[in-house]
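Residue-level listing of the chains:
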Amino acid sequence: MVLGTLTFSFTMLFIFAGSILLLTKIVGYIKTQPQATVYFVKDTQKSAIFKLREELMNTGKTRDVGYVSQEQALSYYKQLNKNDPEILEMVSKEALPQSLEIYAKDPTYLEDLAALAKKNPAVENVDYEKDIVDNLIRITNSITAGALIFLGSQFLVVFFVLFMTTTFKIMRRKQEIDILRLLGASKYFVTRPILKEGLFINMVASIVSITIFTSGYLYLYPHIRTFLFGIPTLELLENFPVSVTIWPANIYFFALLGLSTMIIGGLITMISTFIAASKYIQ
Amino acid sequence: MIRFEHVSMQYSSGTFALHDITFAIEQGQFVFLIGPSGAGKTSLLRLIMRQLIPDEGSVFVENEEVSAQNFHTADELRKKIGTVFQDFKIIQDRSALENVMVGLEIMHHKNPKEEAMNALTLAGIEKKAGFFPLQLSAGEQQRLTIARAIAGGRQIILADEPTGNVDPVTMWEIVHLFRKIHDDKRTILFATHNAEIVNALKQRVITVKKGKIVKDKQKGSYSLDL
């Protein structure tokens, strides 16, 4: 019963914690991509482009504004279509306009920045995926908020289950505990077997849940890969001794998730046991 | 070794459970505590164990005031005191040996198994070491609690009606065992209703009535009359 409840709660924790982490990383990745591109009419002077770049940067709303020359644009184009030689033959650098890639401090600034750029007569077009970025961020924030509430409630469930279990065990062993206390046993001495049992159940529940979660991930991976097409490898932790990737998730990611749950679950076990012992052992 | 100084305790109704109790017990003394039911004998024993705290006065064990508000080492105090009760207070799902060993483990004894066997031997139930309490007679269960009380060299033994649940033959065996323990210079405080035992042993007798000490006599006899 206790093992089942904990396993269910931990599996839910993995699903929601994993989703939050993945979404956060994806949004982080999207924010690193150019959020708006300003294309210039043919033969625009570089000085005019750099003047607009300066104007955009002076607004204080940009993290960076990068200049892409026709040569660079061709290079990117070739990279993107390297498997299609026919297309590559058809395109020369003259066909590709010069551009500025805008990285806004916040996606909400994109509209103002685009409007400013559009006023410039040398600008042919401003391309930005405001709605997509906005929606993605809005959805991510909503999911994160919902998931955090759910995570919090799951932690409460875990705490409550462990607290009630410990209380029940103390009540069941009340006579024995009273005798041990009479013999000079400390509260720690009498609660130690209960704590050990709780930690063991927590460990088993963590292992079973991470196995379920990993199996579920591997089963759904082909579908998720299709859905997240174009998202590159995302590292969970920077400057970590081993590469822990959340997308696609590697063995270290699952190990880290399982270990974190064991530690957090262990802490909750200790706290709930401590509170129950303080309350019910005299 | 044990000292009460003007100890009083009141029930919530305001009546005294104990009133101005003062006495001292030296190391190695065998003291009977007698009195009718509800006189306050068990309360006195519980005060020594710091299971109760007096409203007034002080209780000292080995010159340490165990009744003080800032006394935080009740666990350590209880490791020095062996207890024997009428209702045995044995852990039912542990064998006789394990019941004695657990007390020694609490005391961090270096060799609990050997010491537990010694205590069981002294109590005369070494052959029942592997038996569970339900497999033991009432007398054997009481011997087991005595073995647990003396194991590890506990120097103070508090016995609350230890012969209350045993037949007359076993009763004298238990009394004999207490005498044997007393020969090791342990301090024994023995609460009882049994006049025969008190009269036979001729030890110090403290008589409690309605929460007061009404008589305290060396080599006394059982008498509740004043």
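Residues numbered from 1 in each chain as written. Chains lettered and ligands numbered in written order. Predicted model: local features only at pLDDT ≥ 70, side-chain atom pairs only at ≥ 80, totals over all residues. Heavy atoms only, no water.

The cut-off we apply is this: UniProt positions are given in the numbering used here, feature names are shortened, and annotations may be inferred rather than shown by experiment.
An unreviewed UniProt entry annotates chain B as Cell division ATP-binding protein FtsE. Under the Sequence similarities (unreviewed entry) heading, UniProt states for chain B: "Belongs to the ABC transporter superfamily."

### So, the overall build of chain A
The following threshold applies: Secondary structure elements are taken from DSSP: a helix is a run of H or I of four residues or more, a strand is a run of E of two residues or more, and numbering for both begins at the N terminus. Radius of gyration means the value over C-alpha atoms here, while the globule rule gives 2.2 Å times the residue count to the 0.38 power. Whether two residues touch is decided by their heavy atoms; if any such pair falls within 4.5 Å, the residues are in contact. Accessibility throughout is a Shrake-Rupley quantity obtained with a 1.4 Å probe, and a residue counts as covered only by protein chains that appear here. Working convention for charge: Lys and Arg count positive, Asp and Glu count negative, and His plus the chain ends are omitted. Where a charge lies is defined by one atom per residue type, namely NZ (Lys), CZ (Arg), CG (Asp) and CD (Glu).
When helices and strands are tallied, chain A shows nine helices and six strands. At 28 Å, chain A has a C-alpha radius of gyration far larger than the 19 Å of a compact globule built from 282 residues. C-alpha atoms of chain A, sized along the principal axes, occupy 95 × 40 × 30 Å. Across chain A, contacts joining residues at least 24 apart in sequence account for 77% of those joining residues at least 6 apart. Carbon and sulfur atoms make up 64% of the accessible area of chain A, which amounts to about 16,100 Å² in all. On chain A, the mean spot of the 26 positive side-chain charges and the mean spot of the 23 negative ones are 15 Å from each other.

### Quick word on the packing of helix H8 (residues 187–227) of chain A against helix H9 (residues 251–280) of chain A
Residues and elements named next belong to chain A. Our working rule: Orientation is described by lines fitted to C-alpha atoms, with helices fitted over the stretch in contact, and by angles between N-to-C directions that extend from 0 to 180 degrees. Angles below 35 degrees are treated as roughly parallel, those above 145 as roughly antiparallel, those between 65 and 115 as roughly perpendicular, and all remaining angles as oblique. When the near helix sits turned anticlockwise from the far one by under a right angle, the crossing is termed left-handed; a clockwise turn instead gives a right-handed crossing.
Between H8 and H9, the shortest axis-to-axis distance is 8 Å and the interhelical angle comes to 150°. Comparing the axis directions of H8 and H9 gives the class roughly antiparallel. Judged by the twist between their axes, the crossing of H8 over H9 is right-handed.

### Focus: the interface of chain A and chain B
The condition is simple: By definition, the buried area sums, over both parts, the 1.4 Å-probe accessible area that each loses when the two are put together. We define a salt bridge as a side-chain nitrogen of Lys or Arg found within 4 Å of a carboxyl oxygen belonging to Asp or Glu. N or O atoms within 3.5 Å of each other form a polar contact, as long as, within protein, one can give a hydrogen and the other can take it, and as long as residues adjacent in sequence are counted only when both atoms are side-chain atoms.
With 11 residues of chain A at the interface, the matching set in chain B holds 18 residues. For the pairing of chain A and chain B, the buried interface totals around 1,300 Å² over both sides, and the portion due to carbon and sulfur atoms is 64%. Across the contact surface, chain A and chain B share two salt bridges. When the shortest N-O distance is used, the salt bridge between Glu176 of chain A and Arg94 of chain B registers 2.8 Å. Where chain A meets chain B, there are four residue pairs in polar contact (both at pLDDT 80 or more). At the level of elements, helix H7 (174–182) and H8 of chain A are the ones that each hand at least two residues to the side of chain A that touches chain B.

### Comments concerning the pairing of strand S9 (residues 204–209) of chain B
Residues and elements named next belong to chain B. Inclusion rule: The rule is simple: take the accessible area with a 1.4 Å probe, protein chains only, and divide by the maximum for that residue type; under 20% is buried, over 50% is exposed, in between is partly exposed. Two strands form a pair only when DSSP identifies at least two bridges running between them.
Of all the six residues making up S9, five are buried; the element is thus mostly covered by neighbouring parts of the structure. Relative to S9, strand S3 (residues 30–34) runs parallel, the two sharing four bridges. When the sheet's bridge partners are listed, Leu33 is paired in S9 with Ile206. Two elements, S9 and strand S10 (residues 212–217), share five bridges in a ladder whose sense is antiparallel. Looking at S10, one finds that Val208 is bridged to Ile213. Turn length for the S9-S10 hairpin, with the two strands adjacent in sequence and antiparallel, is two residues, and the turn residue Lys210 shows positive phi of about 45°.

### Thoughts on H7 of chain A
Restricting attention to buried positions, one finds in H7 of chain A the residues Glu176, Ile177, Ile179, Leu180, Arg181 and Leu182 of chain A. Positive phi appears at Gly184 of chain A, one or two residues downstream of H7 of chain A, with a value of about 105°.

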